[in-house]
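For reference, the chains in residue letters:
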Amino acid sequence: RGPTRRAHAPGSFPTALASYIPAREAQGPSYETSEADTMRLLTHNMLASNVKGTTSGFPLRIEVLQKEERDAEFHVEFLVNTLGKIEWDAFVGAARSIGADDGLPKTKPEVDVSNDEAFLRAFHHALLEVHVQEGYLVCPDSGRRFPITKGIPNMLLNEDEV
């Protein structure tokens, strides 16, 4: 089982995301981590805790033990489309907690940002270039800490948490 995913309406974020990120070739199951597969704020914005008794489990707080910054290809269309799909307050809060909020406004831009390169570069950096390698995602309701190891968040629950 993989990480818990937030529910999205048909045609929204996960579907839109698939059209911008090339699909892997059919290789069968792989459990090795590539540099592209590590935890970024793009991933964080889709995760929630499903521990028994939680009311929302979102947004998860990030505790960073180790992070890396890596260049990622800049795609204006992807960024503009993603902006409309993410939970902005959770994104900015997470960016602030990992020290990646430089240039991000507190409120989501309500205007067309496709020509605002300064904003798009700041958004791109926080969303795609900062990788959490080691740390924890913490449920806001229960305080349950989910480990991030080698860039992979482990959202599996114990039997008594289901």
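Model, not experiment: these values are computed from the prediction.

Trainee: Looking at this structure, I do not really get the confidence of the model for the protein chain. What am I missing?
Mentor: Note: predicted coordinates in regions of low pLDDT should not be interpreted at a detailed level. Looking at the protein chain as a whole, its pLDDT mean stands at 84, while 78% of the residues score no less than 70. Counting contacts from residues 1-33, a segment whose pLDDT is below 50, to residues more than four positions away or on other chains yields 36 contacts.

Trainee: Before we go on, may I ask you to explain the packing of helix α4 (residues 88-97) against helix α5 (residues 117-129) in this structure?
Mentor: What describes two packed helices is the angle between their axes and the distance between those same axes. Two elements in contact, α4 and α5, have axes separated by 10 Å at closest approach and are oriented at 75°. Here α5 runs roughly perpendicular to α4, going by the angle between their axes. Taking contact as the criterion, the partners of W88, F91 and A95 in α4 are, on α5, F119, F123, A126 and L127. Here the contact of α4 with α5 is built from residues that sort into seven nonpolar, no polar and no charged.

Trainee: Which parts of the structure should I look at to understand the nonpolar core?
Mentor: Across soluble globular proteins, you tend to see nonpolar side chains buried next to one another. In terms of nonpolar packing, the biggest core is built from 34 residues, with W88, F91, F123 and L137 touching the most fellow members. Mapped by element, the contributors of at least two residues to this core are α2 (41-44), α3 (76-83), α4, α5, β2 (130-138) and β3 (145-149). A total of seven residues in this core trace back to one element, the largest contributor, which is α5. Ignoring any residue separated from it by four or fewer positions in sequence, one finds F91 in contact with L41, N45, I86, L104, F123, A126 and L127.

Trainee: I would appreciate a short explanation of the pattern of salt bridges in the present structure.
Mentor: Side-chain pairs of opposite charge can arise whenever the charged atoms involved come near each other. With the rule as written, the count across this model stands at five salt bridges. With its nearest N and O atoms 2.8 Å apart, the salt bridge here joins E68 to R70. Look at E68 and you get partly exposed, because its relative accessible area is 29%. When the shortest N-O distance is used, the salt bridge between E117 and R121 registers 3.2 Å. One end of the pair is E117 and the other is R121, both in helix α5 and four residues apart, which spans about a single turn. By relative accessible area, R121 is classed as partly exposed at 40%.

Trainee: Is there a simple way to explain the pairing of β3 in this structure?
Mentor: Every other side chain in a regular strand lies on the same face of the sheet, so the side chains alternate between the two faces. Where burial is concerned, the two faces of β3 differ: the one with F146 and I148 is buried and the one with R145, P147 and T149 is not. Sheet topology places β2 next to β3; four bridges connect them, and they run antiparallel. Looking across to β3, one finds that V138 is bridged to R145. The antiparallel pairing of β2 with β3 creates a hairpin that spans six residues between the two strands, and G143 there sits at a positive phi of about 80°. Bridge count for β3 against strand β4 (residues 152-153) is two bridges, and the pairing is antiparallel. Note that in β4 the partner of T149 across the bridge is I152.

Conventions we followed
- Residues numbered from 1 in each chain as written.
- Predicted model: local features only at pLDDT ≥ 70, side-chain atom pairs only at ≥ 80, totals over all residues.
- Heavy atoms only, no water.
- pLDDT = per-residue confidence, 0-100.
- Contact = heavy atoms within 4.5 Å.
- Axes fitted to C-alpha atoms, helices over the stretch in contact; angles between N-to-C directions.
- Helix = DSSP H or I, 4+ residues; strand = E, 2+ residues; numbered from the N terminus.
- Parallel < 35°, antiparallel > 145°, perpendicular 65-115°, else oblique.
- Nonpolar A, V, L, I, M, F, W, Y, C, P; charged D, E, K, R; others polar.
- Core = buried A, V, L, I, M, F, W, Y, C linked by side-chain atoms within 4.5 Å.
- Buried < 20%, exposed > 50% of the residue type's maximum accessible area, 1.4 Å probe, protein only.
- Salt bridge = Lys/Arg side-chain N within 4 Å of Asp/Glu carboxyl O.
- Pairing = 2+ DSSP bridges.

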